[in-house]
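Residue-level structural notes
Below are the chains, spelled out letter by letter.
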Amino acid sequence: MKTGLLPGINQLLAILVVLLAFLPLLLYWRKRLASEKSYMCIAIFWTINGILYFPEIFHWDWYKAVTDQITLYYNLFDPPLIILTFYFIFKKKFFLYLLGSFILFEAVMILWKGFNFDSNNYIIGLGSLISLILNLWGISKYFMNVEHSEKENVLVFVYAGFIFYYGLFAVVFNYNYLHTSGTQMPYVVFINYSAIILSTSLISYGFWKYASTQYREERY
């Protein structure tokens, strides 16, 4: 285990990351939001993250040995889950076409470059860009309306959370996937953890404050 101020801070942040990653699922269950499939996708997204980050708290050797393989599989599901969330929000076939196209893109990249980080860099790079654009579009759509339903008020926090997450992920992607070095990694980890904490905090607040099983008005 590395010593020093920043690694120590990262260790504390890792614990907070795991706790907050499970909070959307807890609120989803506590507020009985099963009827909203978009909320289910969001809860699943962060629950998976919480499960994957949990071993990092303890620095288990067995997990270090399989981290790369787990990352490759996880990155295949990350963008499709965000696209599927937008389909459940807006009920537009465009998002199904986008989902199918992206899955096809993943398959082509894996066939071309193999199931490794060479193909993964393209997959997660494009997937993160699509996810960022979708959430920017979603939040801009929200601010174009004067009045908002409770669901829209939930989703604006979801959009904002994912914008911070994928916006800061651009920094993480540059260093973690393209220009990794031992001296830079603690800073990359700090940025990554900070992005997750900010994102899950915003999304959880939206769930807690506005989410319910019935809405006054739906414009989607």
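Right above here is the structure, for reference.
Residues numbered from 1 in each chain as written. Predicted model: local features only at pLDDT ≥ 70, side-chain atom pairs only at ≥ 80, totals over all residues. Heavy atoms only, no water.

1. Considerations on helix 4 (residues 61–90)
Note the following rule: Put simply, DSSP H or I for four residues or longer makes a helix, DSSP E for two residues or longer makes a strand, and each gets a number counted from the N terminus. Expected helix span is taken as 1.5 Å per residue step, with the number of steps being one fewer than the number of residues.
End to end, helix 4 covers 43 Å across 30 residues, agreeing with the expected 44 Å (1.5 Å per residue, within 8%). Note on helix 4: the residue one or two positions beyond its end, K91, has a positive phi of about 55°.

2. Side note on the packing of aromatic side chains
The criterion, for reference: Any Phe, Tyr or Trp ring, taking Trp's six-membered ring, that has another such ring centre within 6.5 Å forms a pair; planes under 30 degrees apart are called stacked, those over 60 apart edge-to-face, and the others tilted. Burial classes: relative accessible area under 20% of the type maximum marks a residue as buried, over 50% as exposed, and values in between as partly exposed (1.4 Å probe, protein chains only). Remark: a charge is flagged as sitting over a ring if the NZ atom of Lys or the CZ atom of Arg is within 6 Å of the ring centre and within 35 degrees of the ring normal.
Using the criterion set out here, one finds 25 aromatic pairs in the structure. Between the aromatic rings of Y39 and F207, the centroid separation amounts to 5.1 Å while the plane-to-plane angle is 50°, which identifies the pairing as tilted. Highlighted residues: Y39 in helix 3 (residues 37–58) and F207 in helix 8 (residues 185–210), separated in sequence by 168 residues. The two residues Y39 and F207 agree in class, both being buried. Taken together, a centroid distance of 4.9 Å and an interplanar angle of 75° make the contact between Y165 and Y166 edge-to-face. By relative accessible area, which is 5% here, Y165 ends up buried. By way of ring pairs, the aromatic residues F86, F90, F94, F95, W137 and Y159 are connected into one cluster. Just above the ring of W112 sits the side chain of K113; from NZ or CZ to the centre is 4.3 Å.

3. Section: a nonpolar patch on the surface
Under the convention used in this document: Residues enter patches when their relative accessible area tops 30% and they take part in no salt bridge; the joining distance is 9 Å for like charges and 5 Å for the nonpolar side chains Val, Leu, Ile, Met, Phe, Trp and Tyr. Accessible surface area values rest on a Shrake-Rupley calculation with a 1.4 Å probe, where residue burial reflects the displayed protein chains alone. By salt bridge we mean one thing: a side-chain nitrogen of Lys or Arg within 4 Å of a carboxyl oxygen of Asp or Glu.
A cluster of nonpolar side chains, contributed by F54, F58, W60, W62 and V66, occupies part of the molecular surface with about 480 Å² of accessible area. At the level of secondary structure, the elements contributing two or more residues to the nonpolar patch comprise helix 3 and helix 4. With respect to the helices and strands, F54 occurs in helix 3.

4. Concerning the packing of helix 3 against helix 4
This is how it is decided: For helices, the fitted line uses only the C-alpha atoms of the stretch in contact; every axis is such a line through C-alpha atoms, and the angle between N-to-C directions lies from 0 to 180 degrees. Working rule for angles: under 35 degrees goes down as roughly parallel, over 145 as roughly antiparallel, 65 to 115 as roughly perpendicular, anything else as oblique. For any pair of crossing helices, the crossing counts as left-handed if the nearer helix is rotated counterclockwise from the farther one by less than a right angle, and right-handed if it is rotated clockwise. Residue contacts are defined here by distance: any two heavy atoms, one from each residue, within 4.5 Å place the two residues in contact. Amino acid classes used here: Ala, Val, Leu, Ile, Met, Phe, Trp, Tyr, Cys and Pro are nonpolar; Asp, Glu, Lys and Arg are charged; the rest, including Gly, are polar.
For the pair helix 3 and helix 4, the least separation of the axes is 9 Å and the interaxial angle reads 170°. Put simply, helix 3 runs roughly antiparallel to helix 4. Relative to helix 4, the crossing made by helix 3 is left-handed. Within the contact between the two elements, helix 3 uses K37, S38, C41, I42, I44, F45, I48, N49, L52, P55 and E56 and helix 4 uses Y63, I70, Y74, D78, L81, I82, L84, T85, F88 and I89. In terms of residue class, the contact of helix 3 with helix 4 is made up of 15 nonpolar, 3 polar and 3 charged.

The values reported here are purely geometric and, on their own, carry no functional implication.
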